[in-house]
Amino acid sequence: GDPGGGDLTEGLTPAEVLERSAREAAALDSFRIALDAEGALRLAPGADVPGGALLRGPLELSGEGPVAPPDRASIDVRVSVSGLPLQVNVTRVGDALYLGALGQDFRLAVPPRQVAPLDLGALYPSLVSWVADPERAGEEEVGGAPAVRIRGAIDPGRAEAELAPVLGEGLRPTGTVEAWVGTEDLLPRRVRLVARGEGRGVRDADVDLTATLSDFGADVSIEAPAGARRLDPGQLGALVGG
């Protein structure tokens, strides 16, 4: 950071501000994330998308919790799937993904390759790497810290390449990414993605996602829940009454 409290974005192009903030984000040992998202995912018949059965139809989600990149996070999530509200905890420890719901803990039986992309430490650097021709769009405070807002259109090719391991080939999102970068430390304070995409496995998808970052470098302890029962992703629908 800058103890003088000066504006470290001065003299940098919008692209350089995003690049520097992505570098700062990638170097973080820990932070707290708050997520707000709404969207809809319509899958092609037979598509193999992790948790796909749960993700059909309209989705509203908000969540908050600590992250220790690259492979630890524990997020308390309030989610409404097709109008049905549910409160869950999602914890990642290494290659394992846990779901806490209805007073029980489950270890989701998903292969490590499907867990690996769920790296919340990579969320900000990934999203800002999709931006083509970024421009400054004003200054705002986020969590009490002065920040510059930078926005730009998504480069569909870059986004498709990053999403392919998770959602399969051929999903080409279009839309915008906005980033709020702390002027005193170049740390990422917030990022917002508004996008629409169509592809082979995913017939079409809409998403409006905002992630706010805080508590940089705080001590966090994220452990796997003891005594978690194995749960196949195909059983998720039954768990939420679907």
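Here the structure is a predicted model, which is why all the values come from computation and not from measurement. (Residues numbered from 1 in each chain as written. Predicted model: local features only at pLDDT ≥ 70, side-chain atom pairs only at ≥ 80, totals over all residues. Heavy atoms only, no water.)

### Description of the overall build of the chain
Secondary structure summary: the chain contains six helices and 12 strands in total. In the chain, which comprises 242 residues, the share counted as buried stands at 44%. Split by element, the accessible area of the chain, about 11,900 Å² in all, is 50% carbon and sulfur. (Helix = DSSP H or I, 4+ residues; strand = E, 2+ residues; numbered from the N terminus. Buried < 20%, exposed > 50% of the residue type's maximum accessible area, 1.4 Å probe, protein only. Areas by Shrake-Rupley, 256 points an atom, 1.4 Å probe, with all protein chains shown as cover.)

### A word on the pattern of salt bridges
This structure, assessed with the given rule, holds 11 salt bridges. For R196, the salt bridge is made with D206, and the minimal N-O distance between the two is 2.7 Å. Taken together, the residues span a long stretch of sequence, with R196 in strand β10 (residues 188-198) and D206 in strand β11 (residues 202-214) at a distance of 10 residues. A relative accessible area of 29% places D206 in the partly exposed class. Each member of the salt-bridge network shares a partner with another, and the members are E140, R149, R151 and E178. (Salt bridge = Lys/Arg side-chain N within 4 Å of Asp/Glu carboxyl O.)

### Digging into the nonpolar core
Ranked by internal contacts, the top residues of the largest apolar core, which has 49 residues, are I33, Y124 and L193. Looking at which element gives the most residues to this core, the answer is strand β3 (residues 72-81), with five residues. In this view, Y124 contacts L18, S21, A22, A25, A179, V181, P188, R190 and V191; residues no more than four positions away in its chain are not counted. (Core = buried A, V, L, I, M, F, W, Y, C linked by side-chain atoms within 4.5 Å. Contact = heavy atoms within 4.5 Å.)

### Considering unusual backbone geometry
Omega for the bond connecting P69 with P70 falls within 30 degrees of zero, at 5°, which places this linkage in the cis form. In this structure, P70 sits in the loop between β2 (57-68) and β3. Backbone geometry at L186 places phi at a positive 60°, although glycine is not the residue there.

### Quick look at the environment of L41
In this structure, L41 sits in strand β1 (residues 31-43). Residue classification places L41 among the buried residues on the basis of a relative accessible area of 12%. Placed 156 residues apart in sequence, L41 and G197 show a C-alpha to C-alpha distance of 9.5 Å.

### With respect to helix α1 (residues 14-26)
An ideal rise of 1.5 Å per residue puts 18 Å on 13 residues; α1 measures up with 18 Å between its terminal C-alpha atoms. Among the residues making up α1, those that are buried are V17, L18, S21, A22 and A25. Taken down its axis, α1 places every buried residue within 130° of arc, on the same side. With respect to the buried face of α1, the exposed residues turned more than 90 degrees away are R23 and A26. The inward-facing, buried residues of α1 abut α4 (123-129), β7 (131-142), β8 (145-154), β9 (172-182) and β10. (Expected span 1.5 Å × (residues − 1). Arc of directions from axis to C-beta.)

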